[in-house]
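# A closer look at the structure
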Number of protein chains: 2
Amino acid sequence: MPPSTDPVFGEPGRLTVEELQLATRNHGLPLEALRYPLTPAGLHYLLIHYDVPAVDAETWSLEVDGAVALPRRLTLEQLRARPRTTLAVTMECAGNGRALMDPRPLSQPWLHEAVGTAEWSGTPLGALLDEAGLDPKAREIVFTGLDRGVEGGIEQSYARALSLDDARRPEVLLAYEMNGQPLLPQHGAPVRLVVPGWYGMASVKWLSGLSVVREPFRGYQQERSYRFRLDPDEPGVAMQRIRPRALMIPPGIPDFFTRRRVLPMGPCRIAGRAWSGTSPIAAVEVSDDDGATWREATLEPAELGPWAWRSWSYDWQPRAAGEHVLCCRARDTGGSAQTDAPGWNVGGYANPAAQRVSVTVEG
Amino acid sequence: MPPSTDPVFGEPGRLTVEELQLATRNHGLPLEALRYPLTPAGLHYLLIHYDVPAVDAETWSLEVDGAVALPRRLTLEQLRARPRTTLAVTMECAGNGRALMDPRPLSQPWLHEAVGTAEWSGTPLGALLDEAGLDPKAREIVFTGLDRGVEGGIEQSYARALSLDDARRPEVLLAYEMNGQPLLPQHGAPVRLVVPGWYGMASVKWLSGLSVVREPFRGYQQERSYRFRLDPDEPGVAMQRIRPRALMIPPGIPDFFTRRRVLPMGPCRIAGRAWSGTSPIAAVEVSDDDGATWREATLEPAELGPWAWRSWSYDWQPRAAGEHVLCCRARDTGGSAQTDAPGWNVGGYANPAAQRVSVTVEG
């Protein structure tokens, strides 16, 4: 077990230049874009550890090797000729909500917006693994990207592993299209992994190869990063499936700088989306008094299928003009639920805190 | 003259939560994406004052009114049936470089990356104005967007004006396509103004109307915001044309958090883009010693036409392993040039400072 990364925390309300450098490169979903069932190109959240690599789709190929009977290389054309599946998938960064934690772990400083939903098209991974002839002692599949950089003092290509069982689930895709278009460079062109229901770190972009291994993968992104730890010295638990979350489209109009919302007195339909990677969403609740009391929202059917967010709405009647703090929270049928207060962990992952939106109702 | 906005500044290296809220919504060009002559969807910089508005292209229309003989409304179909022009245009936010100023004006905290280049297709504005029959006393055209919010304490729809001469220049377009596709919601769908050579604030998105006026427009975005002031109480000078700038693709590979670059000892071709909205680029220079000495880069022809960036390159031979600070700067044929030190002004506009990239050459 290598030592865990030394934790470094920021002062409350004082972002560092390093966090700003990440925030100007990566970006979240502007929350009003929750209105689109499928997130338009350029509005889906993006978290890129290193640089977007320069990849030529014409000469690109995917290497399949390791503990297999038939190692091979597949071109994009060969992958596209295989059976095709299209799935709507809500993807969320494991670090969503990190910047709301106190103390704030220093990394990409997400507030609430590290999410997006797209229709991914590609070929199921399972059949390809079966054709390769897995060694009986095979244990995991290691997926390696073409993006290269330094992290925790280690030069590396971004790489993550899945267990055989996880990798062979029917929804796991080698994806080459997003919303009906070839992948954009920043989303992993020409081919990426898509692991529905899991936080985004599992869906390795710019795939160069997948390797079947007989021992657990000990790479940086598996064993040091993306682990839930309450103490920096514990091994922690690997981040995997997305916990439940609801987000609302902030009602009214914003102030440019503070993003505080202004709306007229009168009935206001609050709408949003909710998702969980573990179990179906069971309920969404809304509060208009900063979480003191909650009422149930109306949940729409899962129109985009089991891997994508669902719509919800709540007809709010402000009791008075003035200041209100609107909140929403979700729980799923498996018993996972958001909390009222921010959670905390060393890496700043999966903050379960309910979204809070400050609004001024004009009388 | 209304009072200017009270200036508010941030502490060096300590970004506020309000700045973070803007940085997670808006986003810049990841600098490695300077490699693409035309910026792919989703990588072009975005600065949205309020929210992306919900607009139905089917029912949308553009109102042309004010001091004209023939007021009218045009549908998207009618605009698309008019003469079509396609231009490659480099667009840059007037606030690019703001976060490098000291003291730092509090607004969208751009470092270097608020830029992008796209091919915009649309119909020239000038002919449409001529057909409307301008009143002899007409002075400016006011362009109003569907995006609404509060700024400087004033509720407003985003609006900007151009003089008749500026509005009738042949390169000014009512644009409905970006890189051959209908505008994305965040870039002003269905129709926006594109004013080549000007900072992005002039290219009003989500156009709802244009109105011909006989008096100078005194709206917030014209008279209070987007003005170059050294003192908050002076009226200042309106920001208009883009000043020269060069940016390099950071060489080597990045450290995830610090974004510091690592590269092997040996020859290194440094490449980038340079642009100016005033005059053609005359030269790009590169320094490998934090600006102490400069050498001229090789400038490529203006392959994308007069309104877009040009490629440049420089073959760098590091003199020694270790730490280096690479810089680049541009000047144009009109005598405008970048400076070595950050400029400063109340609104944080058009920082002329040369880009600096810290690299470690491994021996």
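Residues numbered from 1 in each chain as written. Chains lettered and ligands numbered in written order. Predicted model: local features only at pLDDT ≥ 70, side-chain atom pairs only at ≥ 80, totals over all residues. Heavy atoms only, no water.

### Quick notes on the overall build of chain A
Counting its secondary structure elements, chain A contains five helices and 24 strands. For 363 residues, the compact-globule estimate of 2.2 N^0.38 gives 21 Å, and the C-alpha radius of gyration of chain A, at 21 Å, lies within 12% of that figure. Each of the three principal axes of chain A carries a C-alpha extent, and together these read 70 × 45 × 35 Å. Looking at chain A as a whole, 61% of its 363 residues qualify as buried. The long-range fraction of contacts in chain A, counting pairs at least 24 apart against all pairs at least 6 apart in sequence, stands at 74%. As presented, chain A carries roughly 13,700 Å² of accessible surface, and 52% of it is formed by carbon and sulfur atoms. When the 37 positive and 44 negative side-chain charges of chain A are each reduced to one mean point, those points stand 2 Å apart. (Helix = DSSP H or I, 4+ residues; strand = E, 2+ residues; numbered from the N terminus. Rg over C-alpha atoms; globule rule 2.2 N^0.38 Å. Buried < 20%, exposed > 50% of the residue type's maximum accessible area, 1.4 Å probe, protein only. Contact = heavy atoms within 4.5 Å. Areas by Shrake-Rupley, 256 points an atom, 1.4 Å probe, with all protein chains shown as cover. Lys, Arg positive; Asp, Glu negative; His and termini not counted. Charge placed at Lys NZ, Arg CZ, Asp CG, Glu CD.)

### Quick word on the relation of the copies chain A and chain B
One copy of the chain maps onto the other through a rotation about an axis followed by a shift along the same axis. Once chain A has been moved 0.0 Å along the axis and rotated by 180 degrees, it coincides with chain B to within an RMSD of 0.0 Å. What we have between these two chains is a two-fold relation. When C-alpha positions in chain A are compared against the rotation axis, the closest is assigned to Gly42(A), at 1.7 Å. Both copies share a contact surface, since 100% of the interface residues of chain A are interface residues in chain B too. (Least-squares fit on C-alpha atoms with pLDDT ≥ 70 in both.)

### Examining the pattern of salt bridges
Going through the model one piece at a time under the given rule, you end up with 46 salt bridges over all chains. In this structure, the salt-bridge partner of Glu285(A) is Arg331(A), at a minimum N-O distance of 3.7 Å. Placement of the pair is Glu285(A) in strand E19 (residues 281–287) and Arg331(A) in strand E23 (residues 322–332), with a sequence separation of 46 residues. The exposure class of Glu285(A) is buried, given its relative accessible area of 17%. In this structure, the salt-bridge partner of Glu11(B) is Arg14(B), at a minimum N-O distance of 3.4 Å. Taken together, the shared-partner salt bridges connect Glu11(A), Arg14(A), Glu11(B) and Arg14(B) into one network. (Salt bridge = Lys/Arg side-chain N within 4 Å of Asp/Glu carboxyl O.)

### Topic: the pairing of strand E24 (residues 355–362) of chain A
Residues and elements named next belong to chain A. In this structure, strand E17 (residues 261–264) lies alongside E24, joined through four bridges in parallel fashion. When the sheet's bridge partners are listed, Pro-264 is paired in E24 with Glu-362. Alignment of E23 against E24, held across seven bridges, turns out to be antiparallel. By the bridge assignment for E24, Val-325 is matched with Ser-358. (Pairing = 2+ DSSP bridges.)

### Structural notes on the nonpolar core
One recurring pattern in soluble globular proteins: nonpolar side chains tend to sit buried together. Core analysis: the largest hydrophobic core is formed by 76 residues, its most contacted members being Trp120(B), Leu125(B), Phe143(B), Leu174(B), Leu193(B), Met201(B) and Leu210(B). Considering each element in turn, this core owes the most residues, five residues, to strand E9 (residues 173–178) of chain B. What Phe143(B) contacts, discounting residues up to four positions off in sequence, is Leu125(B), Tyr158(B), Ala159(B), Arg160(B), Ala161(B), Leu162(B), Leu193(B), Val204(B), Leu207(B), Gly209(B) and Leu210(B). Listed in part, the 75 residues of the second largest apolar core include Leu43(A), Leu87(A), Ala138(A) and Ile48(B). (Core = buried A, V, L, I, M, F, W, Y, C linked by side-chain atoms within 4.5 Å.)

### Regarding helix H3 (residues 125–132) of chain A
Since the α-helix turns once every 3.6 residues, residues separated by three or four places project in the same direction. All names here are of chain A. Within H3 the residues assigned to the buried category are Leu-125, Gly-126, Leu-128, Leu-129 and Ala-132. The arc enclosing the buried residues of H3, seen along the axis, measures out at 165 degrees, which places them on a common side. Phi turns positive one or two residues past the end of H3, at Gly-133, with a value near 75 degrees. (Arc of directions from axis to C-beta.)

### A word on the confidence of the model for chain A
All names here are of chain A. On average, chain A scores 96 in pLDDT, and the residues at 70 or more come to 98%. Note on residues 1–5: pLDDT is under 50 here. Beyond four places in sequence and across chains, it has twelve contacts. Prediction confidence for the complex, expressed as pTM and ipTM, is 0.96 and 0.95 respectively. (pLDDT = per-residue confidence, 0-100.)

### Overview of the interface of chain A and chain B
The interface is formed by 59 residues belonging to chain A together with 59 residues belonging to chain B. Roughly 5,200 Å² of surface becomes buried between chain A and chain B when both sides are summed, with 61% attributable to carbon and sulfur atoms. When the buried area of chain A at its contact with chain B is split by residue, Thr24(A), Phe256(A) and Phe257(A) rank highest and sum to 15% of it. Linking chain A with chain B are eight salt bridges, by the criterion used here. Of the charged contacts, one joins Asp51(A) and Arg261(B) as a salt bridge, the two residues approaching to 2.6 Å between their closest N and O atoms. Between chain A and chain B we count 26 residue pairs in polar contact (both at pLDDT 80 or more) in total. (Buried area = accessible area lost by both parts, 1.4 Å probe. Polar contact = N/O pair within 3.5 Å; in protein donor to acceptor, adjacent residues only side chain to side chain.)

### Here's the deal with the packing of aromatic side chains
All names here are of chain A. In total, this model carries eight aromatic pairs over all chains according to the counting rule given. Ring plane angle 50 degrees and centroid distance 5.6 Å describe the contact between Phe-9 and Trp-344, whose orientation is recorded as tilted. Taken together, the residues span a long stretch of sequence, with Phe-9 in strand E1 (residues 9–10) and Trp-344 in the loop between E23 and E24 at a distance of 335 residues. On the basis of relative accessible area, Phe-9 is assigned to the partly exposed category, the value being 32%. A relative accessible area of 27% places Trp-344 in the partly exposed class. Its guanidinium or amino end placed over the ring of Trp-294, Arg-329 lies 3.8 Å from that ring's centre, counting from NZ or CZ. (Phe/Tyr/Trp six-rings, centres within 6.5 Å; stacked < 30°, edge-to-face > 60°. Lys NZ or Arg CZ within 6 Å of the ring centre and 35° of its normal.)

### Considerations on unusual backbone geometry
That bond from Asp102(A) to Pro103(A) is cis: its omega, 0 degrees, falls within 30 degrees of zero. For Pro103(A), the location among the structural elements is in the loop between strand E4 (85–92) and strand E5 (104–105). Here Trp206(A), not a glycine, exhibits a phi torsion of approximately 50 degrees, which is positive. The topology assignment puts Trp206(A) in the loop between strand E11 (192–194) and strand E12 (207–213). Note on Trp206(A): relative accessible area 1%, which makes it buried. Here the phi dihedral of Tyr226(B) falls at roughly 55 degrees; this positive angle occurs in a residue that is not glycine. Summarising the element assignment, Tyr226(B) is placed in the loop between helix H5 (220–223) and strand E13 (227–228).

### Quick word on the sheet that holds strand E8 (residues 154–163) of chain A
Residue and element names in this part refer to chain A. Strands sit in the order E3-E2-E12-E7-E8 across an open sheet of five strands; the sheet is mixed. Of all the strands in the sheet, the pair left with one neighbour each is strand E3 (72–75) and E8. Taken over all neighbouring pairs, the strand axes of this sheet differ in orientation by 25 degrees on average, direction set aside. Sheet topology places strand E7 (residues 140–151) next to E8; nine bridges connect them, and they run antiparallel. The residue of E8 that forms the bridge with Glu-151 is Ile-154. (Axes fitted to C-alpha atoms, helices over the stretch in contact; angles between N-to-C directions.)

### Describing the pairing of E3(A)
Residue and element names in this part refer to chain A. Pairing of strand E2 (residues 61–66) with E3, which is carried by four bridges, proceeds in the antiparallel orientation. When the sheet's bridge partners are listed, Leu-62 is paired in E3 with Leu-74. The hairpin turn running from E2 into E3, its antiparallel successor, is five residues long.

### Topic: the side chain of Arg261(B)
Secondary-structure assignment places Arg261(B) in strand E17 (residues 261–264). Among the polar contacts made by the side chain of Arg261(B), one reaches the main-chain carbonyl oxygen of Pro250(B) at a distance of 3.1 Å. Among all residues touching Arg261(B), those that are not within four sequence positions of it are Asp51(A), Pro250(B), Pro251(B), Gly252(B), Ile253(B), Pro254(B), Val357(B), Ser358(B), Val359(B) and Thr360(B).

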